[in-house]
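Notes for the structure review
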Amino acid sequence: EECIAAAVHTCGAITNGELRIVVCDNGSTDATADCARLAGAEVIREVQRGYGEACLAGLVHLRHWPDVILFCDADSSPKTSELELVLEPVLTGRMDFSIGARVHAECGSMTVPQVFGNWLSTRLMRLLWHRQFFDLGPTRAIRRSALEQLQMSDRTWGWTVEMQIQAIRHKLRIEEVEVGWR
């Protein structure tokens with residue numbers, strides 16, 4: 001509730017073409033949805049808990065629009081300039097999928113389980129799929145046509161892992177972009 005308006009305004013500062021900002025309320029019990037709506041976001045509600053559920057609901061809401069989709073946390077962790085950095089490889093057509101790798105994370109900006117989960121997941125991807133990643137960054141841009149190929153199904157907190165593994169399997173052009181994290 002306290003930072004959703006700033007997050008919406010951060011996304012709204014991106015000026016490359018048309019932009020729609022969709023916030024999926026995935027069970028908040030405060031005024032987050034109202035604050036997001038007042039800040040100019042389209043707000044949808046998904047009653048089934050889970051990050052994947054929220055992302056899939058947002059995709060259903062957008063249907064066949066837009067060509068490029070940016071997923072990001074709504075806690076004001078990313079900066080506008082870094083959202084643009086993550087979008088650039090996909091918007092220019094150089095890449096199908098771009099991940100904001102939290103290389104410059106501020107101390108305390110990630111919990112111990114997040115740090116360990118990132119470490120373990122990226123090591124397993126390197127071992128099993130021979131692809132090295134630094135992060136399972138929640139800030140990610142992907143071409144809609146590429147995302148549709150992935151046939152995402154995880155409805156919980158494995159969404160980011162599934163997306164990266166499926167992107168490897170489908171031989172998408174993937175790039176990690178160094179970003180900070182607050």
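Let me begin by describing the structure that accompanies this report. This is a predicted model, so every value here is computed, not measured.

**Some remarks on helix α7 (residues 159-169)**
Counting buried residues along α7, nine of its eleven residues qualify, which places the element largely inside the surrounding structure. Among the residues making up α7, those that are buried are W159, T160, E162, M163, Q164, I165, Q166, A167 and I168.

**Some details on helix α4 (residues 80-91)**
Taking 1.5 Å per residue, twelve residues should reach 16 Å; α4 reaches 16 Å between its end C-alpha atoms and fits that length. Turning to α4, its buried residues are E82, L83, V86, L87, P89 and V90. For α4, the arc enclosing every buried residue in end-on projection is 155 degrees, short of the 170-degree limit, so these residues lie on one face. In the segment just after α4, G93 is the residue with positive phi, at about 85 degrees.

**A closer look at the side chain of S77**
Tracing the backbone shows S77 in the loop between β3 (68-71) and α4. For S77, a relative accessible area of 3% translates into the label buried. A distance of 2.7 Å separates a polar atom in the side chain of S77 from a polar atom in the side chain of D75. With residues up to four places along the chain from it excluded, the contact list for S77 reads W181 and R182.

What counts, and at which threshold
- Residues numbered from 1 in each chain as written.
- Predicted model: local features only at pLDDT ≥ 70, side-chain atom pairs only at ≥ 80, totals over all residues.
- Heavy atoms only, no water.
- Buried < 20%, exposed > 50% of the residue type's maximum accessible area, 1.4 Å probe, protein only.
- Helix = DSSP H or I, 4+ residues; strand = E, 2+ residues; numbered from the N terminus.
- Expected span 1.5 Å × (residues − 1).
- Arc of directions from axis to C-beta.
- Polar contact = N/O pair within 3.5 Å; in protein donor to acceptor, adjacent residues only side chain to side chain.
- Contact = heavy atoms within 4.5 Å.

Function-wise, these values are silent; they only describe arrangement.
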